[in-house]
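# Understanding the architecture of this molecule
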Amino acid sequence: MTGGGAAAATTTAGHAHTRHRLMEFAKTAMFKIFMFPYATVCELYCGAVIDEDKLDDALIGHYIGIDVESSGVSRVREAWESSRKAYSSQFLVLDPCTENLEPHLGDKANTVDVVCCMQHLQMCFESEERAMVLLRNVASLLKPGGYFFGITPDSSTIWAKYQKNVEASHNRSASMKANIMPNCIRSESYMITFEVEEEKFPVFGKKYQLKFASDVSAETHCLVHFPSFIRLARAAGLEYVEIQNLTEFYDDNRAQFASLILKFGPNLVDARGKLLPRSYDVLGLYTTFIFQKPDPDMAPPITTPILPDGPHIFDDATNTMPHLPTGF
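Looking at an unreviewed UniProt entry, one finds the protein named mRNA cap guanine-N(7) methyltransferase 2, with Saponaria officinalis as its source organism. Regarding the protein, the relevant UniProt record gives this comment under Catalytic activity (unreviewed entry): "a 5'-end (5'-triphosphoguanosine)-ribonucleoside in mRNA + S-adenosyl-L-methionine = a 5'-end (N(7)-methyl 5'-triphosphoguanosine)-ribonucleoside in mRNA + S-adenosyl-L-homocysteine". As recorded by UniProt, the Subcellular location (unreviewed entry) comment attached to the protein reads in full: "Nucleus".

Here's what the structure looks like:
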């Protein structure tokens, strides 16, 4: 390998390592907030349960993993059945955004303390029906007062970057337009490509390709229209608590998590604990989401914001989807 090729390979490996460490930090931070000893935990789209160590550290009481057959969840179930875990477990092989969970839950219905979804939530927003099925399943799992939380690509940030590109392309001279791709967002760490240029934020089914510098191929995702997410969650019986970009999540909790992020290696933050530019770029692509199933015996921690009905819930003036207020 030439010197230039070796340097490029090293840079690519560095990007992959940075992204992995940042996502591990984010998941660990959220697990520390929501997990507690003897809790019953359900993970949607659990895959190979790559966060098994975090579940072990949380000293949970029971684990429910749900995913489609192609994810390898059956192999995980077999492996766990032959091991001596400190907590009980069960696995359901089905798609939680297309199938009704209730017939499969038995005595676990309405008993789960926390439901988490750390990957693939965005693919449930191909259609309103898929998103609604998922949220009804979450509501059927959770006990009153229980939380639904996770991490997903931040559609507000992605859409704002996309629109900035489109606007810039429209401002260029006609002779330069042929040489640019307004539907392509590039950074040092990733590239996002939209198939069709659109001025309005489609509520469901807006697909894009996300490829990190270290990836062999791109992954297909759907934008998550957060006002619709909140509206459907409310219809399913879940109250909105917070949707917050991961950079804001870190900054708001820096005093608590500055020492934690250092455990995931060097070059993520500076000496003051502030995110370095590459860390900010990668974390800024994702957001947390938190909902709660109301407990009639307890006062709600926050009231779900009242949003207008219909397709006009995005900002027509800028054609962007606004960030929602935070308060958790």
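Here we come to the overall build of the protein. From N to C terminus, the protein includes 11 helices and 11 strands. A total of 328 residues make up the protein; the buried ones form 49% of that total. Contacts in the protein between residues at least 24 apart in sequence constitute 72% of all its contacts with a sequence separation of at least 6. A total accessible area of about 15500 Å² is found for the protein, and carbon and sulfur atoms account for 53% of it.

On the basis of which strands lie adjacent, the open sheet formed by seven strands has the order β3-β2-β1-β4-β5-β11-β10 and mixed pairing. Looking along the sheet, the strands with just one partner apiece sit at the ends: β3 (88-93) and β10 (239-245). Each strand axis lies, on average, 15° off the axis of its neighbour in the sheet, ignoring direction. Sheet strands touched by helix α3 (residues 73-81): β2 (62-67) and β3. Its angle to β3, the strand with the most contacts, is close to 160°.

Within the open sheet, the four strands sit side by side as β6-β7-β8-β9. Their pairing is antiparallel. Lying at the two open borders of the sheet, with one neighbouring strand each, are β6 (184-186) and β9 (219-222). The average undirected angle you get between the axes of adjacent strands in this sheet is 25°. Where β6 and strand β7 (residues 190-194) come together, three bridges link them in antiparallel fashion. From the neighbouring strand, I185 faces β7, where its bridge partner is I192.

What follows is about α3. Taken residue by residue, α3 has V73, S74, V76 and W80 as its buried positions. Taken around the axis of α3, the buried residues stretch over an arc of 160°, which confines them to a single face. Opposite the packed face of α3, turned more than 90 degrees from it, sit the exposed residues R75 and E78. On its buried face, α3 sits against α2 (52-58), β2 and β3.

Here we come to the pairing of strand β5 (residues 142-153). Of all 12 residues in β5, nine are buried, a share of seventy percent or more. Judged from the five bridges that link them, strand β4 (residues 112-117) and β5 form a sheet pairing that is parallel. Looking at β5, one finds that V114 is bridged to Y147. Tracing the backbone out of β4, into helix α5 (residues 128-141) and back to the parallel element β5 gives a crossover that is right-handed. Summarising the sheet, β5 and strand β11 (residues 286-292) pair through seven bridges and their orientation is antiparallel. Bridge pairing links I151 to T288 in β11.

Before going further, it helps to examine the side chain of Q292. Summarising the element assignment, Q292 is placed in strand β11. Note on Q292: relative accessible area 12%, which makes it buried. A polar side-chain atom of Q292 sits 3.0 Å from the main-chain carbonyl oxygen of G145.

Calculation notes
Going along each chain's sequence as written, the residues are numbered from 1 onward. Residues qualify for local features only when their pLDDT is at least 70, as the model is predicted, and side-chain atom pairs are given and counted only at 80 or more; totals for whole chains, interfaces and linings, by contrast, use all residues. As a convention, hydrogens and water are excluded, and side-chain values are obtained from all of the structure's heavy atoms. UniProt positions are given in the numbering used here, feature names are shortened, and annotations may be inferred rather than shown by experiment. Put simply, DSSP marks the helices as runs of H or I at least four residues long and the strands as runs of E at least two long, and each gets a number from the N terminus on. We call a residue buried when its accessible area falls under 20% of the maximum for its residue type, exposed when it is over 50%, and partly exposed in between, using a 1.4 Å probe and counting protein chains only. Note on contacts: a residue pair is in contact if any heavy atoms of the two residues lie within 4.5 Å. The Shrake-Rupley method, run with a 1.4 Å probe, gives the accessible areas here. Residue values count only the displayed protein chains as cover. A pair of strands is treated as paired once DSSP finds two or more bridges between them. Axis angles are defined between N-to-C directions and span 0 to 180 degrees, where every axis is a line fitted to C-alpha atoms and, for a helix, only to the segment in contact. What the arc measures is the spread of directions leading from the helix axis to the C-beta atoms. Note on handedness: a clockwise path from strand one over the helix to strand two, with the strands aimed away from the viewer, defines a right-handed crossover. Under this definition, polar contacts are N or O atom pairs within 3.5 Å; protein pairs additionally need one hydrogen-donor-capable and one acceptor-capable atom, and for neighbouring residues in sequence, both atoms have to be side-chain atoms.

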